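Each chain, written out:
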Amino acid sequence: YEPQASTRGVVVRTHFAPDLPRLSLDADAFKPAVLNLMLNAEHAMPDGGELILTTRRDGAEAVLDVVDTGCGIPEDVVAKIFDPFYSTRKGGTGLGLPTTRNIVEAHGGSIEVQSVPGRGSRFSVRLPAATRPTS
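Residues numbered from 1 in each chain as written. Predicted model: local features only at pLDDT ≥ 70, side-chain atom pairs only at ≥ 80, totals over all residues. Heavy atoms only, no water.

Its volume calculated, the largest pocket comes out at about 630 Å³. Counting residues per element, the ones that place at least two in the lining of the largest pocket are α2 (27-43), β3 (61-68), α4 (96-106) and β5 (120-128). With six residues, α2 is the largest single contributor of residues to the lining of the largest pocket. Looking at the second largest pocket, its volume works out to about 160 Å³. Every residue along the wall of the second largest pocket is listed here: Leu20, Leu23, Leu25, Phe30, Val34, Thr55, Ala62, Val63, Leu64 and Leu127. No other element matches β3, which puts three residues into the lining of the second largest pocket. Looking at the lining of the second largest pocket, its residues break down into nine nonpolar, one polar and no charged. (1 Å grid on protein atoms, 1.4 Å probe; cavity = no way out; pocket = protein on both sides within 12 Å on 5 of 7 lines; lining within 4 Å. Points joined across faces, edges and corners; volume = space filled by probe spheres on them. Helix = DSSP H or I, 4+ residues; strand = E, 2+ residues; numbered from the N terminus. Nonpolar A, V, L, I, M, F, W, Y, C, P; charged D, E, K, R; others polar.)

Turning our attention to the sheet that holds strand β1 (residues 10-15). Backbone-to-backbone hydrogen bonds pair the strands of a sheet. The strands run either parallel or antiparallel. The strand order β1-β2-β3-β5-β4 describes an open sheet built from five strands, whose pairing is mixed. Each edge of the sheet is formed by a strand with only one pairing partner; in this case those strands are β1 and β4 (110-116). Shown here is a sheet whose adjacent strand axes are inclined to one another by a mean of 15°, direction ignored. Of the pairings in the sheet, the one linking β1 to strand β2 (residues 49-58) comprises six bridges and is parallel in character. (Pairing = 2+ DSSP bridges. Axes fitted to C-alpha atoms, helices over the stretch in contact; angles between N-to-C directions.)

Note on placement: Thr100 falls in helix α4. Sequence-distant contacts of Thr100, defined by excluding residues within four places in its chain, comprise Ala33, Asn36, Leu37 and Ile111. (Contact = heavy atoms within 4.5 Å.)

In this structure the tally under the stated criterion is one aromatic pair. Look at Phe82 and Phe123: their rings are 6.5 Å apart centre to centre, the planes differ by 75°, and that puts the pair in the edge-to-face class. Note that Phe82 is positioned in the loop between α3 (75-78) and α4 and Phe123 in strand β5, a separation of 41 residues in sequence. (Phe/Tyr/Trp six-rings, centres within 6.5 Å; stacked < 30°, edge-to-face > 60°.)

No statement about biological role is implied by the geometric values presented.
Here is the structure:
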């Protein structure tokens, strides 16, 4: 994804924690959720900026933060962004974030957003650690 982002003036930075818990994750099913968050971040930075992907451990959960230095999301819009067919982008279907949420929840996780208009947004995906099989 990084070469595509750089053509739009977006610098991708990553900071991955080495101590993440093991996850029960279908990578092929989960990849579209992460890609959608990255594409949304790119669209929020039409003049370029930074897209930062970080992982961290929070107790028994792994957290992926997708952070952008884009235009941010007004508070009244944040309440609607996970609603199906709601879009602020011309030509947008309004299905990207609801689908992303469904994928995350299908993996036992949750997603939340923090945003400051004019400064950017942070989407945090929380996923539970894999349970160990009992013998």
